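Read off the chains here:
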Amino acid sequence: MTIDRRRFLAALGVGGATVVTAGGMARGAASVLPAFDRRPMRGHAGQRVPGLVAGPPDWSALKTRLDGQLLLPQDQGYGVARLGYNELYDDQLPAAVARCTSAADVQICLDAARGHGVPIAARSGGHSYLGYSVPNGGLVMDLRPMAQVRVQSDGKVRVGAGARLIEVYAALAQAGRLMPAGSCPTVGVSGLALGGGVGVLTRKYGLTCDRLVSAEVVTADSRVLTASECSEPDLYWALRGGGGGNFGVVTRFTFSTEPAPALTVFSLRFPAGSAASVIGAWQEWVEDAPPELWSNCVVSGGTPPTCRVGGCYVGAESGLNPLLDRLIAAAATQPTSRTVLGKSYLETMKYMAGCANDTIAQCHPTFEGGRLPRAAFVAVSRVLPAPLDAQRMVQLMAGRTGMDLLLDSMGGAVSQLAPDATAFPHRSALATAQIYASTTPGGKAAATAAVDAVRDGLAALGATGAYVNYIDANLSDWGTAYYDGNLSRLKSVSRHYDPDEVFAFPQSVARA
């Protein structure tokens, strides 16, 4: 079977582990701590330290103090090290890229740059939809050197913040374990987990953030904290779905895992003209499906729009096929193709990633020696609270060649937690919706207007929420759309751990 583009893009909505911009510091809220001073950013009476340090950071001093490597524009390797995933932001040129090897390197970077008015971003996989992990004129703390994945005897896994998903999956599979996460193999674990983490095992095993046991975090004042249920519990709560870039730089995660059973993947392609009946049937089908079944429904724009359904089942083909028969009967349309394949956990994740026949090394970006290219795209999101009018959804995609509406089912284990149990609020949602369009730098404005129109059309049908990992520059009331009733508590956590808004950026919690 040919893997469709969505299989590779299912988990793209992640940025770096954190995003910090100069804007927040330029508002009179920045520290004037000298480089490498780790004193608290507020005095004993809680007063702010006013003003900015004149001039840029001392890059030469920073280079000598790091255990990792600092790359400046004139250095060999900078041209590749500066790149994020989305090619639309290749014109953004950071002043420096620090390849951090430890939490101590992150502390040193923060101490060097804090208060100088330069943007700072920690980057894991570099998949930020808006290029936030490559700040123009700023400092990128590249966490990729911290990519160790160690499965412990108790079934927990310790994951460095720079690990890509394919590396996590390979290590877990070797130990006979699994955890739910996204399908794009080059996405970094950090952004995915911090924003929630929707993936192909979500309905059975929950979101990626639901598996977070603890996190090592470097805060704005360069303290290294452990956030868990028993230590810094408010920070721990916020890190589970509050979005990367708001509370600190996570340098290591500990996740709970499960034994890896046999899985079955499937794909159904339907004839032109059947999209409305398939979407309507699919929405009702996933609403009542057992948690072992996860599915997506992809509507490709055109005249007319076309539709396909795929997914993953925790169990054997014999348990899945009756469920597929039920969907086909409800849609009253026979698919033009039907593929059902039993696979192991690692085989499933490679299949969903679009690199089923590749080695683990090949399931990496080309600039890391792999075979997977970068992309140029615009994308936005909505969250479906319940089934929407299928005919009107199809009408939104009519004539929009080159655009996909990607519905990923929720429910199951996701809905077993209350909306305020973690920072991720969309616990009762039927599905997330991503509107995705490949484009070029010259076509960016038109593509953005087109995806925004579909996004707003879904909102008019009742889908007003949005997924923070598909961060959206033009989304109105984005704080409520991303976080719903959890926004107030998230702002309180942000004020506590970053009172000077060092980690502020255009859609940070502090600015909602």
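Rules used throughout
- Counting from 1, residues in each chain are numbered in the order their sequence is written.
- Since the coordinates come from a predicted model, pLDDT governs what is reported: local features require at least 70, and pairs of side-chain atoms require 80 or more to be given and counted, while whole-chain, interface and lining totals use all residues.
- Note: side-chain values were computed over all heavy atoms of the structure, leaving out hydrogens and water.
- Any two of the Phe, Tyr and Trp rings considered here, Trp counted by its six-membered ring, make a pair once their centres fall within 6.5 Å; the pair's planes then place it as stacked at under 30 degrees, edge-to-face at over 60, or tilted in between.
- Each helix is a run of H or I in the DSSP string that is no shorter than four residues. Each strand is a run of E no shorter than two, and both are numbered from the N terminus.
- Only protein chains enter the calculation, and the probe is 1.4 Å; a residue is then buried if its accessible area is under 20% of its type maximum, exposed if over 50%, and partly exposed in between.
- Pairs of residues are marked as contacts when any of their non-hydrogen atoms sit within 4.5 Å.
- Two cysteine sulfurs form a disulfide in these notes if their separation is within 2.5 Å.

In total, this model carries 11 aromatic pairs according to the counting rule given. For the pair Tyr129 and Tyr470, a centre-to-centre distance of 5.4 Å together with 10 degrees between the ring planes defines the contact as stacked. Here Tyr129, found in the loop between strand S4 (120-123) and strand S5 (139-142), pairs with Tyr470, found in the loop between helix H14 (444-460) and helix H15 (478-483); they are 341 residues apart in sequence, far enough to count as distant. The pair Tyr129 / Tyr470 is uniform in exposure class, with both members buried. Relative to Phe505, the ring of Tyr132 has its centre 5.5 Å away and its plane inclined at 65 degrees; by these criteria the two rings are edge-to-face. Separated by 373 residues along the polypeptide, Tyr132 in the loop between S4 and S5 and Phe505 in the segment after helix H16 (487-497) bring together distant segments of the chain. Comparing Tyr132 with Phe505, the two get one shared label, buried. Among the aromatic residues, those joined into a ring-pair cluster are Tyr85, Tyr129, Phe377, Phe424, Tyr436, Tyr467 and Tyr470.

Further remarks concern helix H6 (residues 165-174). Along an α-helix, residues three or four positions apart point the same way, because every turn accommodates 3.6 residues. The buried count for H6 comes to 8 of 10 residues, which makes it a mostly enclosed element. All of the buried residues in H6 are Leu165, Ile166, Glu167, Val168, Tyr169, Ala170, Ala171 and Leu172. Elements in contact with the buried residues of H6: strand S6 (149-151), strand S7 (157-160), strand S8 (177-178), helix H7 (189-195) and helix H12 (345-353).

Here the amide bond leading from Thr303 into Pro304 is cis, since omega sits at 0 degrees, within 30 degrees of zero. By the element assignment, Pro304 lies in the loop between strand S14 (293-300) and strand S15 (306-314). Of note, the phi angle at Glu232 is positive, near 50 degrees, even though the residue is not glycine. If you trace the backbone, Glu232 turns up in the loop between strand S10 (224-228) and helix H9 (233-239). Using a relative accessible area of 26% as the deciding quantity, one classes Glu232 as partly exposed. Notably, Ala332 is not glycine yet its phi reads approximately 55 degrees, a positive angle. Within the fold, Ala332 resides in the loop between helix H11 (317-331) and strand S16 (337-343). Judged by relative accessible area, Ala332 falls into the exposed class, the value being 67%.

So, on to the state of the cysteines. Under the counting rule described, the total for this entry stands at 1 disulfide. This cysteine, Cys307, is not joined by any disulfide, and Cys297 carries the nearest cysteine sulfur, 3.5 Å off.

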